Amino acid sequence: MTVPTTAPATWHGVLLRVDGLGVLLCGDSGSGKSELALELVSRGHRLVADDCVELEVAADGSLVGRSPHGLGRFLEVRDLGILDIQRLYGEQAVLAEQRLDLIIRLERDAAPAADRLHGRRESITVCGIPLPLLCLGRARERSLAVLVECAVRTELARRDGYDAAQELANRLRQRMDRSP
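Quick caveat: nothing in here was measured; it's all calculated off a predicted structure.

1. Looking at the pairing of strand β6 (residues 74-77)
Point 1. Only one face of β6 is covered, namely the one carrying Leu75 and Val77; the face carrying Phe74 and Glu76 has none of its residues buried.
Point 2. Judged from the 4 bridges that link them, β6 and strand β7 (residues 81-84) form a sheet pairing that is antiparallel. Residue pairing for β7: Val77 is matched across the bridge by Gly81.
Point 3. If you look at the hairpin formed by β6 and β7, you'll find 3 residues sitting between the two strands, and Asp79 has a positive phi there, around 75 degrees.

Laid out in structure tokens, this is it:
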């Protein structure tokens, strides 16, 4: 999937730093982006921007996001209204800007069946930079905060050259090779 934009670009979503990676939560209005962001902040992750994320290609070729006009400390959550995250969680809960590493799209409706080995992982190009895109179906019984944290850790492992599906396939192949 390619998004035809020129830098800088503006995205509707929430940008956070989760375990060191910049994660952009996107999805339709009402899909739960801000509520998920609040849960992630309450778990120790950091908010960069809510609702409107400005993205720009940095000098090193990475994509950096920030909140317009320094409004990144505010988060709008349905039924609660506007929250000042810095006041509620402290200065360490907000960042002025963050490199974008992963996009997670929240979907309210039933999602198409995922590849059981690789999930619903795609690639998207933003401002000429390819980024991994993961689609998560929103359901009440799912802990999306845990899934986002796991997605980030999986992305970090991929960057280190580890692929759990490939590891499982290798182990199964070795086991089958040893069988009589």
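2. Here we look at the nonpolar core
Point 1. Within the largest apolar cluster, 28 residues are counted, with the highest numbers of intra-cluster contacts made by Leu16, Leu25, Ile85, Ile104 and Val148.
Point 2. Residue assignment for this core shows that the elements contributing at least two residues are β2 (9-18), β3 (21-27), α1 (33-42), β6, β9 (102-107), β11 (129-137) and α3 (144-159).
Point 3. Here Val148 is in contact with Val18, Val23, Leu25, Leu36, Leu40, Ile104 and Leu136, once residues within four sequence places are set aside.
Point 4. Of all hydrophobic cores here, the second largest spans 19 residues; its members include Leu15, Ala49, Leu55 and Ile124.

3. Some remarks on the confidence of the model for the chain
Interpretation of this model should avoid reading the predicted coordinates in detail wherever pLDDT is low.
Point 1. Residues at a pLDDT of 70 or more form 90% of the chain, whose mean pLDDT is 88.
Point 2. Low pLDDT (under 50) marks residues 1-6, which in the prediction has 12 contacts with non-local residues, meaning those over four places away or in another chain.

4. Details of unusual backbone geometry
Point 1. Residue Asp19 is not a glycine yet carries a positive backbone phi of 50 degrees.
Point 2. Looking at the element boundaries, Asp19 is found in the loop between β2 and β3.
Point 3. Using a relative accessible area of 32% as the deciding quantity, one classes Asp19 as partly exposed.
Point 4. The phi dihedral of Asp79 falls on the positive side, at around 75 degrees, and the residue is not glycine.
Point 5. Its place among the elements puts Asp79 in the loop between β6 and β7.

5. A look at α1
Point 1. By the criterion of burial, α1 is predominantly enclosed, with 7 of the 10 residues buried.
Point 2. Taken together, the buried positions of α1 are occupied by Lys33, Ser34, Leu36, Ala37, Leu38, Leu40 and Val41.
Point 3. The first or second residue beyond α1 is Gly44, which carries a positive phi of 105 degrees.

What counts and what doesn't
- Residues numbered from 1 in each chain as written.
- Predicted model: local features only at pLDDT ≥ 70, side-chain atom pairs only at ≥ 80, totals over all residues.
- Heavy atoms only, no water.
- Buried < 20%, exposed > 50% of the residue type's maximum accessible area, 1.4 Å probe, protein only.
- Helix = DSSP H or I, 4+ residues; strand = E, 2+ residues; numbered from the N terminus.
- Pairing = 2+ DSSP bridges.
- Core = buried A, V, L, I, M, F, W, Y, C linked by side-chain atoms within 4.5 Å.
- Contact = heavy atoms within 4.5 Å.
- pLDDT = per-residue confidence, 0-100.

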